[in-house]
Amino acid sequence: MSKSLQEQLLKAGLGNAKKLNAIKKEKHKERVQAGKHGVVVNEAALLAEQSRQAQLARDQELNRQKTEALAKKALAAQVKQIVELNSLPHKGEVAFNFTDGTLVKRIYVSEKVQQQLVKGLIAVAKVTEQYHLIPIQIAEKVQQRLPEAVLVLNQQDEQVPEDDPYADFKIPDDLMW
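Please read these numbers as outputs of a predicted model, since none were measured by experiment. (Residues numbered from 1 in each chain as written. Predicted model: local features only at pLDDT ≥ 70, side-chain atom pairs only at ≥ 80, totals over all residues. Heavy atoms only, no water.)

Draft legend 1. Local environment of the pairing of strand β4 (residues 130–135). Across six bridges, strand β3 (residues 122–127) lies against β4 in antiparallel orientation. Bridging from a neighbouring strand, A125 pairs with H132 of β4. Turn length for the β3-β4 hairpin, with the two strands adjacent in sequence and antiparallel, is two residues, and the turn residue T128 shows positive phi of about 50°. (Pairing = 2+ DSSP bridges. Helix = DSSP H or I, 4+ residues; strand = E, 2+ residues; numbered from the N terminus.)

Draft legend 2. Representation of the confidence of the model for the chain within the structure. Looking at the chain as a whole, the pLDDT averages 83, with 88% of positions reaching at least 70. Across the chain, the secondary-structure element scoring lowest on mean pLDDT is helix α1 (residues 5–12), at 78, and the one scoring highest is helix α3 (residues 43–85), at 91. (pLDDT = per-residue confidence, 0-100.)

Draft legend 3. Quick peek at the packing of aromatic side chains. Applying the stated criterion across every chain yields a total of two aromatic pairs. Here the aromatic rings of F96 and F98 are separated by 6.4 Å at their centres, their planes lie at 25°, and the arrangement is stacked. F98 gets classed as buried once you look at its relative accessible area, which sits at 4%. Both rings, one in F98 and one in Y131, keep their centres 5.2 Å apart while their planes meet at 75°; by these two values the pair is edge-to-face. Here Y131 lies in strand β4 and F98 lies in strand β1 (residues 94–100), a separation of 33 residues in the sequence. Counting every residue linked through ring pairs, the aromatic cluster contains F96, F98 and Y131. (Phe/Tyr/Trp six-rings, centres within 6.5 Å; stacked < 30°, edge-to-face > 60°. Buried < 20%, exposed > 50% of the residue type's maximum accessible area, 1.4 Å probe, protein only.)

Structure below.
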């Protein structure tokens, strides 16, 4: 039969009998005291429970991240479908400049479409690195779902402050440089 570690150390000369008996007595006292109070302290079970709780928390966080990623992907697919189904043709000879982040981009449209862009009747949306012209109603729906997809959404402010000294001088939005 195999002997306990303490007994093996004692036989090898690395411990003494007094310390071995004192340790055995102390462990026995702990077991008796724990039994009297009705609480058995099992460190291994406690550590196992703590590690299980930590693993459960990690798993829940990973699941939350996965569901967020899936929701974002589904929203992007929904926006892509809405924009592509409602995209207006934009062939023309008039350049319309707009910003995409820090870059100034240009698309060529007809004069009629350019006027509608300036007046805020048509918006520019970016989906899968392509620019699409969409009606303002569709742009508002897209902006509710994915705000960064709509690049140009001109909304006209008809309210002019009462004390504005330049109220009589309108600034044209369609200046060509």
